Every structure is written in C-alpha cells, then in structure tokens.
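The chain contents come next:
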Amino acid sequence: MKKYNFFILLLFLLGLNSCGSIKFTNDFISASSFIKSNEPSLTERQNWYNLDISDDSIPGMSVDKAYKELLKGLKADTVIIAVIDTGIDIYHEDLQGLIWVNEDEIPNNKIDDDNNGYVDDIHGWNYLEDAYDETLEMTRLLRDNVTYNRKFNDAKSEINEKIKESRENLNRYEGYVEGFKKSKKIISKYLNKEEFSSDELDRIEDESISEDILNAKEFLSYFYSIDISLDYLVEGKEYFEEQSSYHYNIDFNGRRSNDNIYDITDINYGDHKVNNIKPTESHGTHVAGIIAGLRNNSLGNNGINNHVKIMTLRAVPNGDEYDKDIARAIIYAVDNGAKVINGSFGKYYSSNPEWVIDAIRYASEKDVLIVHASGNESKDLDKNKNDNYPNDQYFGNNEFSETFINVGASSIKYDNNIKGSFSNYGKKNVDIFAPGVSIYSALPENKYEFQSGTSMAAPATSGVASLIFSYFPKLSAKKVKEIIIESGINIDFEIDGIEEGKEVSFKDISKSGKIVNAYNALILASRSKRK
C-alpha cells in the first residue's frame, strides 16, 4: 500500500486542486462523551494508538490498559505474523529478537534444507530480488497488451489523464521548491542568518521592507503555518517525478527476475535477502514496528505485541505489486506457520486476481487470518469501479473468506474528523476502522517517524489479533475476526469528509461502525473460551 499521498492534499490546501483461569470482570469500554480538553502532548501522540478513550480521552485501542489490567503476569504463546510488504530492516534496534527464523534451514549453504522450495529462506523470502521502482498495474496492462483483462479499456482511458495530472503536479511542486529556496534566500539575507523561525518571520514589519522581501515573507509564512518544510516539498517533487518516470511510463519495466509474471507455475525466482535495499524503502519497517516494536525500552514506539515473530516477505515495490508475488507470499506464509498475515498494500487494477483469490481461500482453509489495508484514496469501495485488490469478494459478489479483515484508518480526533480524511470506506467492503493517522513507528537505520495511511491501521489490527492468539491460542481465525469486529468501540456521531456539505454517520462507512479495541477484544475472547 502506497503511503497516503499528502502531496495531493497540499495541492488541495493551496487551492490548486493459554489462560483458561482468566476471569475478566470488567465490562466493555464504551465511548460516549469523552472530549480531550487540551492538545495531546508529543508523548501522547507518539503512543496514541495504544491509549484508551475513557482513561486518556484519546480514541486508541486500549492496548496499554489491557496490559495493565488484564494480561499482567499471564503466560503468552508466540505468534508468527507474516508481513507482506517492502523489505524490512531486520537489524533495527526496536525489532531485535522479533524477526522470524526458519529453524529448519541452514543459513547461506545454498541448499533447500527443509525442502519447501525456497533456498536459504532464513527470515522469509524476497520476491523482488534487487528491484525497487515499478509501474502501476494499469500501466502494465497496456504495456503488455493484456486485452483479456476486464478492466483493460478502463486503464486505457484513465492513463492519459493520470499522466497529464502527474506532470501538472510535478510542475507545481517544482515551482514550490524554487519559490521556497528563493524566498528563504531573500529572508536570510534580510535577517543576516541562514536559519530562522516562524516567529522571527512574523516579527518582520511589513511597512519597512521592500516588495521582494514582503512577497518572500508571505510565501514562507503560509508554508510555515501548515508545517511544510523545504524537505517535504522536495519529497513531493520526487514523488511526482517517480510517477512520470516509473508508475505511468509504459516503456518502463522494473522487474529484475527472469520469470513470466503471467505464469503462476513459473516459480524459480527471488532470493532470501529480505532486508530493505535503501533507506527510503521504509514502509515494511514502519508496519513491523507498529505490530511488534519493543515495548517500554525507551526507544522509539511501543508495538502492540512482543510475543510475536515477524516473517518478512518482500513483495511490494515502489509501484504496484504483482499478483503472482502476492499469491505466492500468502501461500508461503500459510505453509511456514504464520497465524496472521498483514497486507498493507493494494491497487485498483489486477491482471490475475484469481491467483490471489485462491491464495486467500487457502489461508482461510488453513485457519490463517489476513488483515488488509482498505486504501488511501477517500473512495467508497461499495461503488462500481472502485475495486480494491486484494479483497474477499469475487468481483463484488458474496464474500468467499471468513478470515479476511479489511481495515480503514481512524484519527486521534474524537470528533467529526475521527475518520482519516484519506481512508477508503464502505458499508459492505470495509469491516472496521483502526488508528492510522500520524502513527509513530520505526524506520530503517534505527530511525522513527510519524506516518499515515490505512497501511498503519492494518498492522494495528494485526497486532491486536496476535494478542488474542497469544493469550487464547485455541481460538480459530474466524472466531478472532468475529471478536475483533464485535468488540470494537461504537462511534455514534456523524463525521465529515464523505459527501460534500453533508455529514454521514460513522456507523454507515463500515460493516461494524466501530474502531478496534484490544481491551474489549480480550474480554470477549475470554468469554468465548469459557463458552
């Protein structure tokens, strides 16, 4: 799943477009009228997804409360979670001891010791080899002339519009970057200092300066007011350069392996190198940190469950993932012991969705839970032509898997902005929401950062699912899905950002109308076990 595109939002802002003896007596947490009286502190913002609506007035998942009141001193099983994503920095300081190791494989001997079809797969598998940049699926459909695909004509009509839009956005960001640099140079010269604060900028008297300095002040003041830096603008420029050079470029092919991407039986490709290949390939590390970052170690963030092992499956490039890679990664995860599969990826075109459908069915048959990010384009997934792959519905028909959860993103704001502005939604196609706005977690090279997206909401949910499996290992994946959805916190008010000029009930944008809650889920899991 591509990280939520705040660069588009900026254009909009600028007006440019086993525990059998557990006895839980506490009733469920409910959310009725909790309003935080002041802005969350930095510490609260870095940990908000673990916090509790009743104790902290922050609509997190009550993970810290669950550890304090329900789980203290209890024995927990270790759960394997497969993260199908970009490469992960498996040497990160906050993930030490949490990376899955294939005990049946001897490292680096170039032999498939466990006869699972993968040589030296110590921590998982890398289906991309050394590839990074990639096209979108719509581009591949046209490049490879996949005319049999039911959405071929849609791709053909959409891509020219996308190319035009991307070039326009690139031109705008190039203008922002040059304007920022020029304005900063003018103000630096006027103040006789290289760096200056927004307060120093505000103190410049408009009446005493030239028109050039006044224009520079106004330009910088706006970006400072919305906390936009030059680095951010440069990143946005690079994002749209990537769209033009790779994502929508019909002449580009990022695949490095020699396999046929349209032949599911051509499986002799990939390698065991699951680490990220560059620092900017950070998505998988951030996801892993949300699930499992070491708790209470004074480093970075507190992950949701440390009784896990992260199986690393590198299958998501800087572009759209391949159906073949995703299908094979799901099957690998199931066959090698994963209990939960996290899928923080997705796309709106698919060459061979049937392969992934078969893999999802296989996971369900083998009692494995799949948690998937619903997408970041503010789309109603119930509407026609808003297909989001993968999903658990066969072309809009009835669900074929009882162990697949599709998750939207919620925010720290307990008001009509509780839905992440970017998050996809759907009364039929999104099961539940979870924290996904400004989530603090690990990045490669022992760094940490806030990131937003349903890509963050999915691992938040996967972490809670793994907690349930850790303390109630005999529950089925189907039952754990039911528990997560039933035990979520009800949000009873109306929200913005769905229909222009109209508020919509939060209950109407997902099946459950709820936000994931670990505390409630563990209580319900205990009751289910007793039954």
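See the structure printed just above.
Everything quoted here is computed from the prediction, not taken from an experiment. (Residues numbered from 1 in each chain as written. Predicted model: local features only at pLDDT ≥ 70, side-chain atom pairs only at ≥ 80, totals over all residues. Heavy atoms only, no water.)

Notes on the pairing of strand β8 (residues 439-443)
When you tally the buried positions in β8, you get 5 out of 5 residues, the bulk of the element. Hairpin connection between β8 and strand β9 (residues 447-451): a loop of 3 residues separates the two successive antiparallel strands, and E445 in this loop has a positive phi of roughly 65°. (Buried < 20%, exposed > 50% of the residue type's maximum accessible area, 1.4 Å probe, protein only. Helix = DSSP H or I, 4+ residues; strand = E, 2+ residues; numbered from the N terminus. Pairing = 2+ DSSP bridges.)

Description of the nonpolar core
If you look at the biggest cluster of nonpolar residues, it comprises 64 residues, and the most contacted ones within it are I304, I310 and I468. Formed by 32 residues, the second largest nonpolar core is a distinct cluster that contains Y127, L313, F345 and F400. (Core = buried A, V, L, I, M, F, W, Y, C linked by side-chain atoms within 4.5 Å.)

Some details on helix α11 (residues 323-335)
The end-to-end C-alpha distance of α11, which contains 13 residues, comes to 18 Å, matching closely the 18 Å that a straight helix rising 1.5 Å per residue would cover. The element α11 is largely enclosed, with a buried count of 11 among its 13 residues. Listed in full, the buried residues belonging to α11 are D323, K324, D325, I326, A327, R328, A329, I330, Y332, A333 and V334. (Expected span 1.5 Å × (residues − 1).)

Considering unusual backbone geometry
Following Y389, the chain continues to P390 via a peptide bond in cis, the omega torsion being -5°. One can find P390 in the loop between β5 (369-373) and β6 (404-410). One non-glycine residue, S57, lies in the positive phi region at around 55°. If you trace the backbone, S57 turns up in the loop between α3 (53-56) and α4 (63-71). Backbone geometry at N115 places phi at a positive 55°, although glycine is not the residue there. For N115, the location among the structural elements is in the loop between β1 (79-85) and β2 (124-126). The class for N115 is exposed, based on a relative accessible area of 67%.

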